[in-house]
Amino acid sequence: MALKEQLTKPRYQIIGGVVLAALVLILIVSMNSGSSPLVQQNTNQVNGEPTLTLAAPIMASACTSNNTCFVLGSSSGTGTGATSAQVSKGTSWASLDLPHANSPTFQGSSCWNDGCIIFGSSIDGDLLWRFSSTSDSLVALASPTISSAVEAVSCFAPNSCAVIDMGGKDSAAQFFLTTDAGVTWTSRVATPFDATSLSCTSSKRCVAASANSTWSTSNSGQTWFQSTPLTGTLTNLSCSLSNCVAKDTSTTHSHLWRSSDFGKTWTASLIAGQTFAFACLNTEHCVSAGQNKVGTGMVTAITGSSFSPLPVSYFPNPITTLACGSSRCVAGGLYSVALFKP
């Protein structure tokens, strides 16, 4: 209910100019701070609020492990190529400057304690950007090779990440490593699959997903071992020690997938509703999001094998992107965003 409506209801009538003036002052301060007085952030309630700009719809999100979160928007699909971004360390949002890119498409992100790598593609090919939470800045990285798109990224330690890109016109997908946040890359290693997701626990041990199977390596991608066939294609892989969790790509009957042997075998359980996004604080505590039966935003907290719907408000459209740090998450959909603690 809007503040104006509350004040005009008989049971909410306020007698006394001092009280009314105080309420007006609170409203003005809240408006100046960039957040709505009716939206409580950083609770387990997923209360959406409008993005700072309507220049581009939200396409991707990220949270460092120290809980600096940001969202990225792009209208490249409309032909305008407009981009936007905003960042939050606490409960308010600030605009974030972006590097130049020709019609970028953001596919995802992977982070460490104070930084992230954003990946995707543009008209010019691979897109790799590095975010720093110490300076709240994004810079473009040189691609490790000439390719049309980056397929997957996994950061397993500060400044240390693995990348699988699509490869050149006539070459297979390729695996690279960096230990300086993308300034330099190791030599390419051919990969016998196109990746839909990647999670590494070190520079040597990784699990990757492809169409209807997963692959694991213990020697930095020199050799890969394929799992038994799966009934779905996995995305949003997250691994710790030998435990891995992921969701599949179905938009009608999505499943949560778990492995306790580093991707060799998997078990699945149904996630209710249409699920478009998935993220984890750790392998035992994850969040899925999408839309409910009426098409508005829906979020489910997943702890072990327990599924708990979270209260969602002010999300008139489906939630299409999620990211989590160590204790909080960010959700985005079209022109709405929310910070919450699942």
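Starting afresh in each chain, residues are numbered from 1 along the sequence in its written order. For a predicted model such as this one, the threshold for reporting local features is a pLDDT of at least 70, and the threshold for listing and counting side-chain atom pairs is 80 or more; totals across whole chains, interfaces and linings nevertheless cover every residue. Think of the side-chain values as coming from all heavy atoms in the structure, minus any hydrogens and water.

Across its full length, the chain holds two helices and 30 strands. With a 1.4 Å probe rolled over the protein chains alone, any residue whose accessible area is under 20% of its type maximum counts as buried; one over 50% counts as exposed, and the rest are partly exposed. Residues classed as buried in the chain amount to 49% of the 342 residues present. Contact criterion: two residues are considered in contact whenever any of their non-hydrogen atoms come within 4.5 Å of each other. Taking as baseline every contact in the chain between residues at least 6 positions apart, the subset at least 24 positions apart corresponds to 43%. Total accessible area on the chain is roughly 15400 Å²; 55% of this is exposed by carbon and sulfur atoms. Each helix is a run of DSSP H or I of at least 4 residues and each strand a run of E of at least 2, with the numbering of both proceeding from the N terminus. Note on areas: these come from Shrake-Rupley sampling with a 1.4 Å probe, and a residue is covered only by the protein chains present in the view.

Cysteine sulfurs are considered disulfide-paired once they come within 2.5 Å of each other. Inspection of every chain in the model, using the stated rule, returns seven disulfides. Cys111 shares a disulfide with Cys116; S-S distance 2.1 Å. Its S-S torsion of about 100 degrees marks the bond between Cys111 and Cys116 as right-handed, since a negative value means left-handed. Judged by its relative accessible area of 0%, Cys116 falls in the buried class. Bridging Cys239 to Cys244, the disulfide has an S-S length of 2.1 Å. Residues Cys239 and Cys244 are joined by a disulfide whose S-S torsion is about 110 degrees; by sign, that bridge is right-handed. Taking the relative accessible area as the measure of exposure, Cys239 reaches 11% and is therefore buried.

Attention now goes to the packing of aromatic side chains. Under the pairing criterion, centres of Phe, Tyr and Trp rings, with the six-membered ring standing for Trp, must be within 6.5 Å; the plane angle then separates stacked pairs below 30 degrees from edge-to-face pairs above 60, leaving the rest tilted. With the rule as written, the count across this model stands at five aromatic pairs. Their ring planes at 35 degrees and their centres at 4.3 Å tell us that Phe70 and Phe131 sit as a pair that is tilted. Here the residue Phe70 occupies a position in strand E4 (residues 69-74), and Phe131 occupies one in strand E9 (residues 125-132), the gap between them amounting to 61 residues. Of the two residues, Phe70 and Phe131, neither departs from the other in class, the shared state being buried.

Among the nonpolar cores identified, the biggest contains 17 residues, and Val46, Val287, Val299, Leu322 and Phe340 are the most heavily contacted of them. Counting only elements with at least two residues in this core, the list comes to strand E23 (274-282), strand E24 (285-291), strand E25 (297-303), strand E28 (321-324), strand E29 (329-333) and strand E30 (336-340). Ranked by residue count, the leading element in this core is E23, at three residues. For this analysis, a nonpolar core means a set of buried residues of the types Ala, Val, Leu, Ile, Met, Phe, Trp, Tyr and Cys, connected via side-chain atoms within 4.5 Å.

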